[in-house]
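Below are the chains, spelled out letter by letter.
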Amino acid sequence: MSNVLAQELIEAGVHFGHRASRWNPKMRPYIHGRKNLIHIIDVRETAEWDQGHLPGAVHVPRGFLESRVAGTAPDHDQEILVSCASGQRSLLAAKTLADMGFTNVSSLAGGFARWKQNNHPVEVPRILTAADLHGRDAAFATALAYGALRRRALLDAVIDACSSRPLDQIDPPTLDVLRLGAQQLLFLGIPPHAAVGETVQLARAVVGEGTSRFVNAVLRQVGQRDLDDWIDEVAPSPDADPVGYLALAQSHPRWIVSALHEALTAWQGHESWAATEALLSADNENAAVTLVARPGRSTVAELLERPGTEPGRWSPLAVRLQGGHPGEIDEVRTGAAGVQDEGSQLVALAFARAHLVGSDARWLDLAAGPGGKAALLAGLGHERGAALLASD
């Protein structure tokens, strides 16, 4: 981040420390020539991030902060600036980071809304559009990138087993190329000659001819075995270390595997590692694109008139899309319907159906975020004569 941007951070109202309310003099070196080392973490949801963010920011949604921050900010003494929509979630996130031992945490006062309102620079993710990828090509690129991220632990273990160099001695761009190639070979069903050939071409463009030969050699070894064989090769024994086995085979941190297993055991009333594996496997699947019919503005029946749609599984207001871009649907463009997973819909429905004592005329959402659940609550409340106030 440039010194100019650091000055703009101060003008926008940076908080230092999760309880601070005005500029701290420790910012001064950053606007007087010293190299800027501030690490910006944006804790908003994906839909908000896609609308724009501070230049150089890293996206870590608030719900994943504790589990992912170590990967993006391993140095606990590094200057960290947390941003959100209005400055409320970022204050809570900054306190969380301080409680985790991070010593130099700041929150952006007024959040991205004030930052943008004051005409400070904004970056907008447009990777697929800039690459002129559409339809099936865009879908493949998305599946490849997100799949490589989801399966990173297993991909890295396989690459390590096939590499002549330790994993920590492979430069990051080369390792990223190898992950993309291994993802195609092990998870996407791409024929080995095509996956290796295309990935080697990518390596030539990204890291040069010499390194591309290393990439070729590693991926050819990866392609000699199928996924099950590689899991047997690199994962611990499921009998001796079931947590370690699932952590690697399903690319989840050990603590998450343990926590989900304990919760599932308590819910089912008996222990089943097979059930835990099925749950982790489901967590690795691509999320379905789901619409919500907002009460008073659209109905499920109207949305189901579109080709390639089907009713949701859990929410009575949900409609699943089998393909296509939701932004091209008239109801989505006008706000009569929205893109919202069924879990979020159920949270709003559960709130609306909660037993109340007294008047049911005013509802308050104190963490409205991008407004998806708030929009649904507003429709549900309107049907009952209640007004919703959404705040973030």
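Everything here concerns the structure above.
The structure displayed is predicted, hence computed values, not measured ones. (Residues numbered from 1 in each chain as written. Predicted model: local features only at pLDDT ≥ 70, side-chain atom pairs only at ≥ 80, totals over all residues. Heavy atoms only, no water.)

Q: Teacher, can you tell me more about unusual backbone geometry here?
A: The general pattern is negative phi for most residues beyond glycine and trans for most peptide bonds. Phi at Ser251 is positive, roughly 55°, even though this residue is not glycine. The topology assignment puts Ser251 in the loop between α13 (242-249) and α14 (254-268). We classify Ser251 as buried; its relative accessible area is 12%. (Helix = DSSP H or I, 4+ residues; strand = E, 2+ residues; numbered from the N terminus. Buried < 20%, exposed > 50% of the residue type's maximum accessible area, 1.4 Å probe, protein only.)

Q: Quick question: what am I supposed to make of the sheet that holds strand β9 (residues 337-339) here?
A: The pairing of strands in a sheet comes from backbone hydrogen bonds and takes either a parallel or an antiparallel form. Strand order in the open sheet formed by 4 strands is β7-β8-β6-β9, with antiparallel pairing between adjacent strands. Because the sheet does not close on itself, it has two edges, and the strands there are β7 (309-311) and β9. Averaged over all pairs of adjacent strands, the angle between strand axes in this sheet comes to 30°, irrespective of strand direction. Pairing analysis gives 4 bridges linking strand β6 (residues 289-293) to strand β8 (residues 318-321), with the strands arranged antiparallel. Bridged to Leu291 within β8 is Val319. (Pairing = 2+ DSSP bridges. Axes fitted to C-alpha atoms, helices over the stretch in contact; angles between N-to-C directions.)

Q: Can you walk me through the pattern of salt bridges in this structure?
A: Enumeration over the complete set of coordinates arrives at 14 salt bridges. Between Arg62 and Glu66 there is a salt bridge; the shortest N-O distance is 3.4 Å. Classification of Glu66 by relative accessible area gives partly exposed; the value is 40%. Note that Arg384 and Asp360 form a salt bridge whose closest N and O atoms lie 2.7 Å from each other. Note that Arg384 is positioned in the loop between α19 (372-383) and β11 (387-390) and Asp360 in the loop between α18 (342-352) and β10 (362-365), a separation of 24 residues in sequence. (Salt bridge = Lys/Arg side-chain N within 4 Å of Asp/Glu carboxyl O.)

Q: Would you mind going over the nonpolar core with me for this structure?
A: If you look at soluble globular proteins, the nonpolar side chains tend to sit buried side by side. Formed by 34 residues in total, the largest nonpolar core has its most connected members in Val158, Leu178, Val218, Leu219 and Val222. Looking at this core, the elements that each hand over two or more residues are α8 (152-162), α9 (172-186), α10 (192-207), α11 (209-222), α12 (227-234) and α13. Beyond its immediate sequence surroundings of up to four residues, Val218 is in contact with Ile159, Cys162, Ser163 and Leu178. Grouped together as the second largest cluster of nonpolar side chains are 14 residues, Val43, Leu65, Val69 and Phe102 included. (Core = buried A, V, L, I, M, F, W, Y, C linked by side-chain atoms within 4.5 Å. Contact = heavy atoms within 4.5 Å.)

Q: Help me understand α8, please; the structure alone is not making it clear to me.
A: An α-helix turns once per 3.6 residues; consequently, residues spaced three or four apart project the same way. When we look at burial in α8, the residues that qualify are Leu154, Leu155, Asp156, Ala157, Val158, Ile159 and Cys162. Buried residues along α8 sit in contact with α7 (135-150), α9, α11, α12 and α13.

Q: How should I be thinking about the side chain of Ser163 in this particular structure?
A: With respect to the helices and strands, Ser163 occurs in the loop between α8 and α9. Ser163 sits in the buried class, given a relative accessible area of 14%. Here Arg165 takes part through its backbone oxygen, which lies 2.8 Å from a polar atom of the side chain of Ser163. Residues within four places of Ser163 in sequence aside, it is in contact with Ile170, Phe214 and Val218. (Polar contact = N/O pair within 3.5 Å; in protein donor to acceptor, adjacent residues only side chain to side chain.)

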